[in-house]
Amino acid sequence: MRNVSLTAQFEKDIKRAKKPSCDMSRLSEVIRLLHRWRHATGIAHGRHGTARLGQGDLEDRQYQDHPLKGKYEGLRECHLSPDWLLIYHSSTEQVLMVRTGTHADLFR
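Residues numbered from 1 in each chain as written. Predicted model: local features only at pLDDT ≥ 70, side-chain atom pairs only at ≥ 80, totals over all residues. Heavy atoms only, no water.

In this section: unusual backbone geometry. Phi at Gln 64 is positive, roughly 50 degrees, even though this residue is not glycine. Looking at the secondary structure, you find Gln 64 in the loop between α3 (60–63) and β5 (66–67). Accessibility expressed as a relative area gives 40% for Gln 64, which makes it partly exposed. (Helix = DSSP H or I, 4+ residues; strand = E, 2+ residues; numbered from the N terminus. Buried < 20%, exposed > 50% of the residue type's maximum accessible area, 1.4 Å probe, protein only.)

In structure tokens form, the structure reads like this:
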């Protein structure tokens, strides 16, 4: 299993996200799956080349996991809901939770 680390900004984002409209269990599930997965890319490829997040059944279509460009280049993003995102970095040893929030929060 890999270590999971949080940036100070991610911890601030979590405090802001703890409101009735955000299902924190979805965030917990994604973090748990990222923690368990052992490969450096953070993505495994299914039988037909479909990307999957971690070891679970979180298919790319559901979470829309993808690499980012621009100021977040080198990081990945997945959608916890249509307008609630998780930005993270994944390596063989660690998963770093960088940011979470809405598109407006993260891409101003």
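Side chains that differ in charge, positive against negative, can pair when their charged atoms come close. Counted under the stated rule, the structure contains six salt bridges. A salt bridge links Arg 16 to Asp 13, with the nearest nitrogen and oxygen atoms 2.8 Å apart. Placement of the pair is Arg 16 and Asp 13 together in helix α1 (residues 8–17), with a separation of three residues, close to one helical turn. For Asp 13, a relative accessible area of 1% corresponds to the buried category. As a salt-bridge pair, Asp 13 and Arg 99 come within 2.6 Å of each other at their nearest N and O atoms. With Asp 13 in helix α1 and Arg 99 in strand β8 (residues 94–101), this pair connects stretches of sequence that are 86 residues apart. In terms of burial, Asp 13 and Arg 99 fall into one category: buried. One continuous salt-bridge network, built from bridges that share partners, spans Asp 13, Arg 16, Arg 99, Asp 105 and Arg 108. (Salt bridge = Lys/Arg side-chain N within 4 Å of Asp/Glu carboxyl O.)

Purely geometric stuff here, so don't read any function into it on its own.
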